[in-house]
Every structure is written in structure tokens, then in C-alpha cells.
Amino acid sequence: MIFANGAGYGDFMSWLRGFRNCAAVAGPGQYSFCFRGSAVRRLATFKKKLVVLCAAAISCGSVMAAEPWMDAKLGADERAGLVLREMTLDEKLKLVFGYFGADQEGKKFKRPELSYDQSAGFIYGVPRLHIPHLWETDAGIGVASQGGPNVRRATALPSGLNTAATWDLGTAYAGGAMIGAEARAFGFNVLLAGGVNLMREPRNGRNFEYGGEDPLLAGRIVGAQIKGIQSNHVVSTLKHFALNDQETNRTTVNVKIGDAQARMSDLLALQIANEDGHPGAVMCAYNRVNGVYSCENDYLLNGVLKGDWGFQGWVMSDWGALHSTIPAANAGLDQQSGMPFDLADYFGPPLKEAVLNGWVPQARLDDMARRILRSMFAHGLVDHPVAPAPDTIDSKAHAAVSLKDAQEGMVLLKNDGHVLPLKKSAKRIVVIGGHADKGVLAGGGSSLVYPAGGNAVPGIAPTTWPGPVMYYPSAPLDAIRRHAPGAKVVYHDGADPVAAAALARDADAVVVFATQWVGEGVDARTLALPDRQDDLIAAVAAANPKTAVVLETGGPVTMPWLPHVPAVLEAWYPGTSGGEAIAGILFGDVNPSGHLPATFPASEAQLPRPVMEPEVENRRFDVDYHEGAAVGYKWFDLKGLKPLFPFGHGLSYTDFTLSGLSAGVNGGTLQASFTVRNVGKVAGKEVAQIYVAPVDAQWEAPKRLAGFRKVELKPGASATASVTVDPRLLAVYDSATKTWKVAAGTYRVILASSALDDKAVTTTVRLDAAVYDVNGRPVGSP
Ligand code: BGC
């Protein structure tokens, strides 16, 4: 064989490399070469050899397939380096410039022909070198579509917050693997998932896309999801980098926070997700951080991400988040996304001009392209090219993945008097509100997945971006009827609270559904349920004390009616199998096991910023993160505030005890082991949480979540489990030395089932002083 890795192959390659200055043009599947200067003299010989090659039944394609960077045995860095050497300036520039994947009439923009309609993005590859195009789709809940006539219909997971509420890395991975498989089947090789902006602001309209308020939980869950996505040879992003914690004036707002405080909170969540998930790309955010836009922020991109964390993938801008050419390129941005969303094609001709003049070094452009290529090799985009085959999607199996995720993450907040589970023998069940007769709510914006069957409740404003307000056609009412075939199940839309209450009065069971729609670009202005649903719930609960409330919300809401309502289930946005998921929990076929990934405040007055700045177009203002790293329950602990429901809280239809806590230092690492026992009558799952609280040292707050374990147990069974604590969670970050420092002293180790658990078990441990590098590795270790 001419192309075996022997001398013949090497000779041929070095001969080919004699044509260095050639411009090569490629159409799909064909390779034509034009030669200049001295190369022309070699053309005849070349043609002869090519004929010989093709005659040897080796197609021109396999000539290319034998290019050294196509050797899958080589590492991604080497392959990227090899192909980069062959690329022209213009080819490199193409790779760093992204287009939107849907027409924009207002901007007179037609999507590239090769893009997929209603998609998020497209970037030209280099087919002559076997570098595929990049087809990008949103997001972390499933394969989304831009609104319009040609939406694709896919399976939606429940919201990211629900997945975080599972506290289960296996579920997060499975969800990622499922949506990654759908992305691939639709022909996409980049999924714009991996949202892990910390919930500092419970009113943030995008909280439902993220992983809650704790850096460990959020980072680990989102990391597992990214890993699942990328198991399909599809790149996942990690986003939005960084500190993009509110939608109000998101493109102009300036977040003020210190380096150490950021590293111990928002950045830590991103850091952990990056370590666990190894995303191929990171998306920088809209907002400014300490005065500088995220996508031209040298501290964030060159400093933290690429420098300190050693991120080897590429950084793409969010759609419309880029404001410059030279500052952005030199600060570490590798790719402009989604033109025409930015004001100018900064990484188009202006970047070429900047490179030709040396304002952006050629080496920087090479690095941009090399990073993109590296991820394409590392994550299998080159070796496993995508091709649309939506018919291969196993929708039934995918619905089951979404169902399982939803049921693992729904949180039973309250269940006095065992109102739940509902009895299948009930004669009369009244279901009220929330369009429960039609479907379940989804969040708005770029992450919106369009379901098979269409919007169950069309026409609710906003009907265009960031809408439409979408209800997935998975009606809880139908599912409730299926679970209680002998019952008369009646529905009332709840528009008239008095009529709804009258209907509920004599029912054996009453379930009120309450919804809160939020979305990208729209923060909830208050934590109260909208549309006077509080009045509806209060009226119904007054009429029938056995009322259960099911919440479909983007995040925490206040519950003024709580003292009068015995049972509350937080069902988040439960995805395309949501109705079935809710009914299964309500009737006890599935025992709820979700625990809150975020504190539910009693009121806005408890928040670090009780009042949000109003949205005023183009207004530039600061949001001072004066709470530093004391986010969520840490803030509540620090200030001694009692929330409505604490972080980590979640009930079950069975009871658990936590005991046998022991903690010790093993090889410098803190480990805690404990026993979980199911002391109730049905099987269930408990989320055991380990918090650590310094006795001598000073942290941003009294305690931090340091580990967790979800344990499944039959009635009467027990299990021992242990967790190993990441040293960064025991340390304070020191900006001057870029190290994590653990102070010598006594630390309380707390085993609990929430951040405010009065049955928590505590032990103490002594830690020696220790220093860890910026990535949490012992200083001095390799
Ligand atoms: C969002 C990103 C999304 C992008 C592409 C932006 O508006 O902030 O999360 O990936 O659009 O649709």
C-alpha cells in the first residue's frame, strides 16, 4: 500500500508539501489544485502520480483521508497543529466567524445555505482538508429551534434547575447523552448547552436553564450533563462566562466583584463543570465584569479560563455579545458567533486587517483556529462527521429519559397530614388552573425546545421572542385520570377563584396547578406568582383543607398561602413528559426524591438586593455583588435569615435517618462516611448532604456544601456511603498567590438533609494548614 505509514507515504507527503504556496480549492468531494510559480513545473508529474494513485483504486477522498491529521491515533493537539500548517489565512479567518442559522428580515440577513433552518449558528469548515462545518444548536434542555415556520420538534428535558434538584450525576449524564444524541441526529455537531450561571438572583429569568446556587452541586451536575452530550461526538459549550446572573439590562450591566469572591462562587461552578465535563467550547457572556465586557475580558478569558485553568478548547461569543476586534481577539476570544447579532463583523474583514498589520499577532489568529480544530479532533467531530438522520431518533426511549429526570428532580416541599400521595380509590378529584387540562409549561428564549404535537396553549403573550409561551402537550389532567380510573376527575381553569373553590369544596382531593413563566431577557420582577394565582390558591385551600399545590415555575416563588396548604410539589418546568411525571409523583408510583438546588426566600426583603434595577434600554449601571461569595444559603446563614424553604430541602413519602457520621483526613484529604436508613414503609431515595463549617477560620459564610450522595433504599434498609471533599471547599482563595489556603484548626462536619436541618448530625475534625494551586492540586504536586 502506498499510504501505509511507511516510506512511500512519507515521501509522497513531503513531495506534496513542495506545493506549499498553492491555493487549493475544494468543492464537496472533489479536490482541484492550482499551482503558481515554481510549482507549475511540478504539475505534470503531480498529475501523473495522481492518475497512478487513482488507478490504484485509491479514491482522491482516501488520498485526503490519509493526510497525517486524519490519523485518529494521533493526539488532538498534534492533529490540529498538522492541519493548521496547511490552512490559508482566509481559511483560518473563516473558522473564527460564525453566522446565525435563521433569516433575519429586519437585518436583511439570509442564513448561509449550508446552515440548518431556524438554527442557532453556522461556521464554515475547510472541506478540502476534511475539516467539517460547525452546525450549532441550543441548548441545555434539548434541541431548540429559533421561532418560525420550520421549527424542528425534539424531546425536552425538564429545566436545568430540575436536573440540579436530582442531585444525581447519573441522571444528569443520561439527560445530556439523550439531548446530545438528538442534536447529532438533527445534524448538529455543537450543542450550546452547559449553562451554569449561579443563582445569585432568584428573579433571574434564565435560572431555569442553570444549576442553582451552589458551586459544587451546579458544577458537578452541569459537568455530568456536558460529558453526556459529548459522548455523542458533539461539542458542548459551557456558558455564560461569566457572572451573567440576571437578564435585566444583560448587555450593558456591569457586575462588580472581587477576584477571590468570584473564584469561590460563580467561577468555581464554571471551574468544576469544566473539570468534570471537558467542554470543547466556552461561550462568553453579554455582561461586563468589573467594567470590561466578558467577551473582551483579558482577566476572564486569558487569565482565569485559559491561563489558570488551562482550558484548551475555544471561546465563542454569545450572540450579540461582541463589541470589538482587537481588544476581544487579544483578550482571548476565539470566535465571533451569530452574525448579524453584533453591530459589526468584528472577526471578519476587520480581523484580517488587524492581523495583516500586526495589531492582532498572526500567532493569536493561529491559536484561535488551532483551538477550534483541537476541539473538533478531541471530541470526534472530524472522525465521526454528522449527517442529519432525524428518523433515527428513538422518541419513546428519549421520553423515558426526560420522564425519569423530571421525577428525580421534583421537590416535595410540604406534605402535612400525608395529603400526598393521592389515593387511587378517590371518588372525586378536582384539578384547577395552570392549563393542567392541556399541558405543562416551558421556559422562554433560545433554549426553548419545540415539542412533537405543537404548543398545547397557543396565543399567550409574548407570542414572539422570547416567547412563544409554550405548553408541552403532556396534560397532567389526562395523566391523573389514567392513574385514578375509578374517580370522577373534573377540571376548572381557575379564572374565577370563587367558582373554583365551590367546585373543590366536597372533593376527595384537590390539586391546584400554578405557573410562572419566565425566559431569556425577562426577569421575574417579583417572586410572587403572577396573575393573582395566590388568591386562587388561598380561596381553594379555604374551601378544601386537603388541597395540594403543584408549582411549575422557573425558580423560587413566594407562597403567602403556605400555612393553609398542606401539600406543595415544586415541579419546575417538567419537560415533554411533564404531565405523566407529575401524576406519577402525586399518586406515589414514584416516590419524590428531589431536593432544592436553591433557597426559596420568604420575601424579596431577604435578598442581597431586595429591589432589582428596572430594565431601561441601553442604560449602563453597576450591580455590586457586595455579598461576595456568600450566595444563596450562605447569605441566609450569614445574616441569620429564615427562608421559606432552605437549600437542600426535599421530602419523601418515606422517612430516613442519617447517622454514624465519621470524618477524617486521609492522605491530606477530608473524607466523611455515614449511614442512611429508610425507616418508613416505602422505597425511596435520600440526598445526604455534607456541610463543613470552620470553627477557627473565617469563610464568606458559616458553612459550605462539601459533598453529597443520593442513596436509594428499600423500606428498613440502610447503606453506608462516603464523600471525599474537594480541598477548594475547605479553603479561602488567595488572589496574590493564586492559591487556595486551608487554615489549620477545627472544622465542624455536618451530615444533614438540608442546609437548615434540625436533625443534622455533627462531628469535628482538625485540619492542618495546606496550600493548593489554583486548580485545587496540592502545591508542589505535578
Ligand atoms: C443566548 C445563548 C444562546 C445564543 C444562541 C443567546 O441569546 O444567550 O445562551 O446559546 O443566544 O441562540
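Everything that follows concerns the structure shown earlier in this document.
Residues numbered from 1 in each chain as written. Predicted model: local features only at pLDDT ≥ 70, side-chain atom pairs only at ≥ 80, totals over all residues. Heavy atoms only, no water.

*Asks:* Whenever I open this one, the sheet that holds strand S32 (residues 770-772) confuses me. Can you help?
*Replies:* Within a sheet, adjacent strands bond to each other through the backbone by hydrogen bonds, running parallel or antiparallel. Read across the open sheet, the three strands follow the order S28-S29-S32; overall the sheet is antiparallel. Where the open sheet ends on each side, the last strands, each with one partner, are strand S28 (732-734) and S32. Taken pair by pair, the neighbouring strands of this sheet meet at an average axis angle of 30 degrees, ignoring direction. Note: S28 against strand S29 (residues 739-742), three bridges, orientation antiparallel. Opposite Val732, over in S29, you have Lys741 as the bridge partner. (Pairing = 2+ DSSP bridges. Helix = DSSP H or I, 4+ residues; strand = E, 2+ residues; numbered from the N terminus. Axes fitted to C-alpha atoms, helices over the stretch in contact; angles between N-to-C directions.)

*Asks:* What should I look at first to understand the nonpolar core in this one?
*Replies:* One broad rule of soluble globular proteins: the nonpolar side chains tend to lie buried together. Counting residues in hydrophobic clusters, the biggest one holds 83 residues, and the most contacted among them are Ile131, Phe241, Leu267, Phe347, Leu351, Leu373 and Phe377. Excluding its chain neighbours within four sequence positions, the residues that come into contact with Leu267 are Phe241, Ala242, Ala262, Tyr299, Leu300, Val304 and Trp309. If you look at the next biggest cluster of nonpolar residues, it comprises 69 residues, including Ile393, Val419, Val469 and Met470. (Core = buried A, V, L, I, M, F, W, Y, C linked by side-chain atoms within 4.5 Å. Buried < 20%, exposed > 50% of the residue type's maximum accessible area, 1.4 Å probe, protein only. Contact = heavy atoms within 4.5 Å.)

*Asks:* Teacher, can you tell me more about the sheet that holds strand S14 (residues 411-415) here?
*Replies:* With mixed pairing, six strands are arranged side by side in an open sheet as S14-S21-S20-S19-S15-S18. Looking along the sheet, the strands with just one partner apiece sit at the ends: S14 and strand S18 (488-492). Each neighbouring strand pair of the sheet contributes to a mean axis angle of 15 degrees, computed without reference to strand direction. Where helix H18 (residues 533-543) meets the sheet, it contacts strand S15 (428-432), strand S19 (509-515) and strand S20 (547-552), and its direction lies at approximately 175 degrees from that of S19.

*Asks:* Teacher, can you tell me more about the site of the ligand here?
*Replies:* Close contacts around the ligand come from 14 residues, with Asp138, Arg206, His240, Asp318 and Glu520 the closest. A distance of 2.7 Å separates an oxygen atom of the ligand from a polar atom in the side chain of His240. Measuring from an oxygen atom of the ligand, one finds a side-chain N or O atom of Tyr286 at 2.9 Å. About the coverage of the ligand: the protein hides 96% of its 310 Å² of free accessible area. Class assignment of the residues belonging to the shell around the ligand gives a composition of five nonpolar, three polar and six charged. (Near = heavy atom within 4 Å. Polar contact = N/O pair within 3.5 Å; in protein donor to acceptor, adjacent residues only side chain to side chain. Areas by Shrake-Rupley, 256 points an atom, 1.4 Å probe, with all protein chains shown as cover. Nonpolar A, V, L, I, M, F, W, Y, C, P; charged D, E, K, R; others polar.)

*Asks:* Explain unusual backbone geometry here, please?
*Replies:* When glycine is set aside, most residues are seen to have a negative phi, and most peptide bonds are trans. The omega torsion across Asp138 and Ala139 is -5 degrees, close enough to zero to call that bond cis. Looking at the secondary structure, you find Ala139 in the loop between strand S5 (134-138) and helix H6 (160-166). Pro468 follows Gly467 through a cis peptide bond whose omega is 5 degrees. In this fold, Pro468 is placed in the loop between strand S16 (440-441) and strand S17 (471-472). A positive phi angle, near 50 degrees, is found at Trp167, a position not held by glycine. You can see Trp167 is positioned in the loop between H6 and helix H7 (169-185). On the accessibility criterion, Trp167 (1% relative accessible area) is buried.

*Asks:* For this particular structure, what's the right way to read the pattern of salt bridges?
*Replies:* Side chains carrying opposite charge are able to pair once their charged atoms draw close together. Considering all chains together, one arrives at 44 salt bridges under this definition. Arg263 is paired through a salt bridge with Asp308; the nearest N and O atoms lie 2.8 Å apart. Within this pair, whereas Arg263 is found in helix H9 (residues 259-263), its partner Asp308 is found in helix H11 (residues 299-308), the two being separated by 45 residues in sequence. With relative accessibility at 12%, the residue Asp308 sits in the buried group. (Salt bridge = Lys/Arg side-chain N within 4 Å of Asp/Glu carboxyl O.)

*Asks:* Can you walk me through the packing of aromatic side chains in this structure?
*Replies:* Note on aromatic pairs: each is described by the distance of the centres and the angle between the planes. Tallied over the entire structure, the rule returns 16 aromatic pairs. Centroid distance Tyr99 to Tyr124: 5.9 Å. Interplanar angle 85 degrees. Geometry classified as edge-to-face. Of the two residues, Tyr99 is situated in strand S3 (residues 97-101) and Tyr124 in the loop between strand S4 (119-123) and S5; the sequence distance between them amounts to 25 residues. For Tyr124, a relative accessible area of 24% corresponds to the partly exposed category. (Phe/Tyr/Trp six-rings, centres within 6.5 Å; stacked < 30°, edge-to-face > 60°.)

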